[in-house]
Each structure stands twice: as C-alpha cells, then as structure tokens.
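Breakdown of the fold
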Amino acid sequence: AVIAFAEARQGAYGRGECTLSPPKCFQPTDDLGPKTIAFKRSTDSGRTWSKLSYIPGLYAPNWVVGNAAAVYDAEAGMLVLHVLNSTLLPAPYNDSMTNSGFTLQVTTHDDGRTWSRPVQLNRFLGHLHGLAPGPGNAIQLQSGPHKGRLLIPGWSDVCYDIPSCDHGTYNGTLTFSAVYWSDDRKIVMLSRFACC
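**Here we look at the overall build of the protein chain**
If you tally the helices and strands in the protein chain, you get 1 helix and 14 strands. By residue count, 45% of the 196 residues in the protein chain fall in the buried class. For the protein chain, long-range pairs separated by at least 24 residues make up 53% of all intrachain contacts whose partners lie at least 6 apart in sequence. Put simply, the protein chain shows about 10,000 Å² of open surface, and 56% of that area lies on carbon and sulfur atoms.

This is the structure we're talking about:
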C-alpha cells in the first residue's frame, strides 16, 4: 500500500485575525489556522486512490495539527506517523513557537485501515517539548550497527527574548533543527540533537 499525507487546513483562522504590533493579518488558509492530517491510500501502486480520510484522534474544532513525518518500520510491519499539535499556544505562536505544543505519534499495522490512539512524546523530548516533526519523512536504517533504527527529523523555534516574541516580531527567536530516534519500536525517544 501507498499512503499519502497532507495538512487539511480548515479555512478559518481560529484565534483572531490580526496582531497589533506590527500589523499582521493571516489568510483563511494560513499555516497558523485550524488544521488536521488527511490521507489517501492506494493498493495498486498509485493508479487509484481511496477517498480522503482523516487520522482519528487528531482533530477537534480549532485544533492546529500539522507537520506530518512518516516512516514504515519494515521489521515491525507498521507505519509510524509523527505530528505536532500546537493548539494550546496563543496566537500567533501556535506553530511550535516558544517551544510548546505536543509532539504526537500514531501508528497503523494494517496499511492505514485503522490507527492507534495518539501518544504524546513530550516527556521524551525534555526541554524541547513541542518539537515539530519534519519537514519531510523519517527513515529506517537498512544496514550497519543500528539497522532498524527509526530516525525522525524535527525543528522548532525557541523564544529567548520574551518581549520581542510577545509583540509578534519574531526577532527574539532561534530556529534550530533536531534529529531524534527509536530503537525499541514502541515509542520514539529523544537521544541527541543536531543543531544549526
């Protein structure tokens, strides 16, 4: 089976239209608006596709869920999907700004017919809780001493100048990249960072 994921933007910004300083308005389908994860399945190498479906447990009104990063674990026979739920952040920071939100994992053992309940990974991410998976997909190592390891890319913005961040300028933020991985095939755990 082939499974394709996309952010399903809900067409309305759920936390107010504009910031005051500096003036900034968001479009109805802006990245900071309500969204969830949609997917389609193909069982004939992409010639035909299922109807559009949504990952269960990743949607409620005005939730902001995105940044899907997936990997197929061939040894365990399951697909692992990581996403960011940044709903609880105040506007305009509900896309992992100020290092908050929830990094979640869902899995499927039957090619997307059914999905596990979301598991929150923040407790494994330490001070970088709310890490946004991606961009792009995760991978499984095919050879070497760590064969079978799942590697997941991620990123976030850390606010080091609260007044600047509070006024929406983003001048007080540091963007970084990270890599986290799992060897146990149960839950992905943070081990090290590659920052830039």
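**Thoughts on unusual backbone geometry**
Pro 135 follows Gly 134 through a cis peptide bond whose omega is 0°. As for its position among the elements, Pro 135 is in the loop between strand 10 (132-133) and strand 11 (139-140). You will see that Asn 67, though not glycine, has its phi angle at about 60°, which is positive. Mapped onto the fold, Asn 67 is located in strand 6 (residues 65-73). Overall, Asn 67 belongs to the buried group, its relative accessible area being 14%. For Asp 111, which is not a glycine, the phi torsion comes out positive at approximately 60°.

**Observations concerning the sheet that holds strand 9 (residues 119-120)**
Taking strand neighbours across the sheet as the criterion, the 4 strands line up as 6-7-8-9 in an open arrangement whose pairing is antiparallel. Lying at the two open borders of the sheet, with one neighbouring strand each, are strand 6 and strand 9. When strand 6 meets strand 7 (residues 78-85), the two strands line up antiparallel, connected through 7 bridges. Bridge pairing in strand 7 links Asp 73 to Met 78.

**A look at the sheet that holds strand 1 (residues 2-9)**
Taken together, the 3 strands give an open sheet; going across it, the order is 1-4-5, and neighbouring strands pair in antiparallel fashion. The open sheet is flanked by strand 1 and strand 5 (53-54), the only strands paired with a single partner. For strand 1 and strand 4 (residues 35-42), the ladder comprises 8 bridges, and the chain directions are antiparallel. Along strand 4, the bridge assignment pairs Ile 3 with Arg 41.

**Details of the pairing of strand 4**
With 7 of its 8 residues buried, strand 4 lies for the most part within the structure. Pairing of strand 4 with strand 5, which is carried by 2 bridges, proceeds in the antiparallel orientation. When the sheet's bridge partners are listed, Phe 39 is paired in strand 5 with Ser 53.

Cut-offs used in this document
Counting of residues starts from 1 at the beginning of each chain's written sequence and follows it residue by residue. It should be noted that, the model being predicted, local features are given only for residues of pLDDT at least 70 and side-chain atom pairs only at 80 or more, the latter also being counted only at that level, while totals for whole chains, interfaces and linings use all residues. Computation of side-chain values covers all heavy atoms of the structure but excludes hydrogens and water. Put simply, DSSP H or I for four residues or longer makes a helix, DSSP E for two residues or longer makes a strand, and each gets a number counted from the N terminus. Burial classes follow relative accessibility: with a 1.4 Å probe on protein chains only, a residue under 20% of its type's maximum area counts as buried, one over 50% as exposed, and anything between as partly exposed. We call two residues in contact whenever any of their non-hydrogen atoms come within 4.5 Å of each other. In this description, accessible areas are obtained by the Shrake-Rupley approach with a 1.4 Å probe, and a residue is regarded as covered only by the protein chains that are shown. What makes two strands pair is DSSP finding at least two bridges between them.

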